[in-house]
Amino acid sequence: MTTETETGQGYETPMGVAWEFDYDVSVESVQALYEKAKNLQWNVTTDIDWDREVDPARPILEGEGFGFSQMPLFQRLSKAQQDALRAHSAAYRISQFLHGEQGALMTAATLSHSVPDYEAKLYSATQTMDEARHVEVFQKYLDKLAIVYPMTPALKELIDATLKSGHWVKIAIGMNIVVEGIAMGAFHNMIRVTGCDLLRDITVLTMRDEARHVAFGNLYVGQAISKMHPDDREDAADFALAALGVMAPALMGSSGPRSENDRGGDSRSGSGRDDPAFIQVLVNSEIDPRDFAKGIREATDAGISLEPRGGTVRILHDLVLPALSRVGLITDRTREILKERSIEPNADTSVLERLEKVD
Ligand SMILES: [Fe+2]
Ligand SMILES: [Fe+2]
């Protein structure tokens, strides 16, 4: 039987299925997450005031919260181009939330049939429902913007690699640690830079769920890693490194891996050179993509940061690397590889823990 969907995006995965007939709880911390998840369910239809319109006079990405506004090129654009770039960049970014949430929905469902413990299966069912809600809420918001941009190649590649990885530990590394670490940072930053009350409200609710998903990655993957044979641990560490390799160029922006420009705002898209969806953002804003690429180089050469201002977190440095380190996925070997790539293997979990406490 073929797995092709109408849009030709289907593929086979080698995922295993694990029955568990011991219904005693063995990991209390995961059971506690399951209890918390049951108490914190919310309904997209009834818990959000959808009558509010997205005010066209109030940009979704306000002021210097829009990192590209710091480019000299931006000041040379017409007011209409500036407004269009703000609006389309916001739609592009929220579209990535939507597509990423669909990926999370599928990985969470996969976890429910592959994790070995009873309470982890129950927990995964709550995460699956959470992710369904997140797909729904961002789809409904994008309906108001009347545009959805395609998924960026890097995010698609990372989630596909996660779904195809064949083992629940790698699925949880790819999704619960790397993708959801990135998502938690992106949501945190969006809450601080958006001028749209509706978007802020839905992002706050979504982030509260994501904090549980990241906590699951920490608790459950951490204990699995600690029991692994060293060879298997190195294999898992390699998978984590490869996941970072897919996302790091986008997280670090156009100025390359020596930059600390990984704050998850506009820098996530870099200059958009390899991303057809971002090229479309520029075309829709009546900006020549070649001029924009030159504008990025001009800003970089002048030492101008394109990070959105306003207390944003550095996603890779403050969230993803500490999360990987915390569960033992930065080994002596991969630490050296990171250093060779000029990535500091930050193990300080203080920012990560602050964001995890949102609920
Ligand atoms: Fe989610
Ligand atoms: Fe999630």
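Residues numbered from 1 in each chain as written. Chains lettered and ligands numbered in written order. Predicted model: local features only at pLDDT ≥ 70, side-chain atom pairs only at ≥ 80, totals over all residues. Heavy atoms only, no water.

Here we come to the overall build of the chain. Helices and strands together make up the secondary structure of the chain, namely 13 helices and zero strands. Ordering the α and β elements of the chain from the N terminus gives α-α-α-α-α-α-α-α-α-α-α-α-α. For the chain, the residues scored as buried account for 54% of the 359 residues in total. Taking as baseline every contact in the chain between residues at least 6 positions apart, the subset at least 24 positions apart corresponds to 80%. As presented, the chain carries roughly 15,500 Å² of accessible surface, and 52% of it is formed by carbon and sulfur atoms. (Helix = DSSP H or I, 4+ residues; strand = E, 2+ residues; numbered from the N terminus. Buried < 20%, exposed > 50% of the residue type's maximum accessible area, 1.4 Å probe, protein only. Contact = heavy atoms within 4.5 Å. Areas by Shrake-Rupley, 256 points an atom, 1.4 Å probe, with all protein chains shown as cover.)

Attention now goes to the coordination of the iron ion (ligand 2). Only Glu-131 (OE), Glu-180 (OE), Glu-210 (OE) and His-213 (ND1) from the protein coordinate the iron ion (ligand 2), and they sit 2.0 to 2.1 Å from it. Considering all four donor atoms around the iron ion (ligand 2), the spread of angles at the metal, 87 to 168°, places the coordination shape in the irregular class. Sequence spacing of the donors to the iron ion (ligand 2): E-x48-E-x29-E-x2-H. In this structure, the iron ion (ligand 2) lies 3.1 Å from the iron ion (ligand 1), and both are coordinated by Glu-131. Of this pair, Glu-131 sits in helix H4 (residues 118-145) while Glu-210 is found in helix H7 (residues 197-226), placing the two residues 79 residues apart along the sequence. Here Glu-131 falls in the buried class, since its relative accessible area comes to 0%. A relative accessible area of 1% means that Glu-210 is categorised as buried. (Donors = N, O, S within 2.8 Å, 3.2 Å for Na, K, Ca; no water. Tetrahedral: all angles 85-135°; square planar, octahedral: opposite > 155°, others 65-115°.)

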